[in-house]
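Okay, here's what each chain looks like letter by letter:
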Amino acid sequence: MTGNIKAGIDIGGTGTRLILRDETGILATRTIATAEFAIIEKKDRVDALASHLLSLVPAGRMLESLGIGASGPVDTTLGIINNRDTLECFSFFPLVDELKSRLGIRVGIDNDAVAAVLGEYYFGAGKESKRLLMVTLGTGIGAALLENGKPFRTGDGQHPEAGHIPISGNPATCYCGLRGCWETLASRSWLQQNLESLLPDVAFEKYDVNFYKSVALQRDDVAHVFHQYGNYLGRGLATLLTLYGPDLTILSGSAAHYYPLFRAGLEEALYRADAYARNNCIVPSELGDMAGALGATMIPELG
Ligand SMILES: [Zn+2]
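The structure contained in this document is the topic of the report that follows. Here the structure is a predicted model, which is why all the values come from computation and not from measurement.

Counting its secondary structure elements, the protein chain contains 10 helices and 12 strands. Taking 19 Å as the expected radius of gyration for a compact globule of 303 residues, we find that the protein chain reaches 20 Å, a close match to that expectation. For the C-alpha atoms alone, the extent of the protein chain along its principal axes is close to 60 × 45 × 35 Å. Counting only contacts in the protein chain whose residues sit at least 6 apart along the sequence, the fraction spanning at least 24 positions is 64%.

Written out as structure tokens, the structure reads:
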């Protein structure tokens, strides 16, 4: 029996996914609705999280470390989540220190976009990449870059919130305070709202890419929404490709499933003259929803 079980937790506004792995692979996984933690007293939330984790550990085995990927701004030095907008129940208290004292193991934390790109780098589509960009298209947009496996940070040690690159003169003000942010126009939320307004009887989450493919063949307005979506996505992505020059870009998140439908719009927005061409190698995520929790298991290794 070995003792080296590594745990990862991916805390999102909707779901909290726990995973345990060792050198042989994944040992256990569980997803809990994050709302379940919000309804219990703040002082009991860490205990509840720790109990869920310990209940997954096989008899006779020990946890070695825990990594957490959390949605929104995270202070990785103090180990505190600062996400008033979508993750208030785990924000503004020393989550990492409290988990360390309850579990007696190493605990690290980072942004969920960093956790997801670490997952793809170590276990998924990004294994060979020296400069890996991952863009996650969900409720908002997350983006993270790894250089030889190390996360890119801003000067103050933060994770760059690339979803808030302004890409248009759209007068809508984002919750971050800027206007025309990338994620107000290229997150899954935009795609969903625009498709639902054209197809009011079709619940977006109940239909897959094949359904929308057949609708788009018959209806130009639906095809146009996907094309426009690709265009908006490409505007922000062009900035990231220009500045970062990744050798590989991974698209993830629920809207990435529609890549075949928005690919033409995306490529149109990324088109450049040969002398200015960037590496536009774009692939889908291999790990899907598991990337964040699996990548989180690597966060304590980063030191
Ligand atoms: Zn914004």
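A few words now on the packing of helix α6 (residues 188-198) against helix α8 (residues 220-244). Interhelical geometry of α6 versus α8 gives an angle of 165° and a closest axis separation of 10 Å. In terms of orientation, α6 lies roughly antiparallel with respect to α8. Handedness of the crossing formed by α6 with α8: right-handed. Contact residues: R188, W190, L191, N194, L195 and L198 in α6; D221, V222, V225, F226, Q228, Y229 and Y232 in α8. Of the residues belonging to the contact of α6 with α8, the class tally is nine nonpolar, two polar and two charged.

Here we take up the nonpolar core. Ranked by size, the top nonpolar core spans 43 residues in total, and within it V135 and L191 carry the most contacts. The set of elements that each furnish at least two residues to this core consists of β8 (131-137), β9 (141-147), α5 (182-186), α6, α7 (209-218), α8 and α9 (259-270). Here the element with the most residues in this core is α8; it accounts for 11 residues. Excluding its chain neighbours within four sequence positions, the residues that come into contact with V135 are I141, G142, A143, W182, L237, L240, I250, L251 and S252. I9, A48, V74 and V107 belong to the second largest nonpolar core, which has 33 residues in total.

What follows covers the coordination of the zinc ion. Coordination of the zinc ion by the protein involves H164 (ND1), C174 (SG), C176 (SG) and C181 (SG), with metal-donor separations of 2.0 to 2.3 Å. Around the zinc ion sit four donor atoms; with metal-centred angles ranging over 104 to 118°, the donor geometry is tetrahedral. Each donor residue of the zinc ion lies on one chain, and together they are spaced H-x9-C-x1-C-x4-C. With a relative accessible area of 0%, C181 lands in the buried category.

Moving on, we come to the pattern of salt bridges. Summed over all chains, the structure comprises 10 salt bridges. Several salt bridges converge on common partners, so that one network encompasses K6, E64, R106 and E301.

On to the packing of aromatic side chains, then. The tally for this structure, following the rule as stated, stands at 15 aromatic pairs. On the numbers, 6.0 Å between centres and 40° between planes, the contact of F204 with Y212 is tilted. Among the residues examined, F204 registers a relative accessible area of 4% and is labelled buried. Members of the aromatic cluster, joined through ring pairs, are F204, Y207, F211, Y212, F226 and Y258.

As a further point, take the sheet that holds strand β4 (residues 63-70). On the basis of which strands lie adjacent, the open sheet formed by five strands has the order β3-β2-β1-β4-β7 and mixed pairing. Edge positions in the open sheet fall to β3 (25-33) and β7 (106-111), since each of these has one partner strand only. Between one strand axis and the next, the sheet turns through 15° on average, direction left out of account. Across six bridges, the pairing between β4 and β7 is parallel.

What counts and how
- Residues numbered from 1 in each chain as written.
- Predicted model: local features only at pLDDT ≥ 70, side-chain atom pairs only at ≥ 80, totals over all residues.
- Heavy atoms only, no water.
- Helix = DSSP H or I, 4+ residues; strand = E, 2+ residues; numbered from the N terminus.
- Rg over C-alpha atoms; globule rule 2.2 N^0.38 Å.
- Contact = heavy atoms within 4.5 Å.
- Axes fitted to C-alpha atoms, helices over the stretch in contact; angles between N-to-C directions.
- Parallel < 35°, antiparallel > 145°, perpendicular 65-115°, else oblique.
- Left-handed = near helix turned anticlockwise from the far one by under 90°.
- Nonpolar A, V, L, I, M, F, W, Y, C, P; charged D, E, K, R; others polar.
- Core = buried A, V, L, I, M, F, W, Y, C linked by side-chain atoms within 4.5 Å.
- Buried < 20%, exposed > 50% of the residue type's maximum accessible area, 1.4 Å probe, protein only.
- Donors = N, O, S within 2.8 Å, 3.2 Å for Na, K, Ca; no water.
- Tetrahedral: all angles 85-135°; square planar, octahedral: opposite > 155°, others 65-115°.
- Salt bridge = Lys/Arg side-chain N within 4 Å of Asp/Glu carboxyl O.
- Phe/Tyr/Trp six-rings, centres within 6.5 Å; stacked < 30°, edge-to-face > 60°.
- Pairing = 2+ DSSP bridges.

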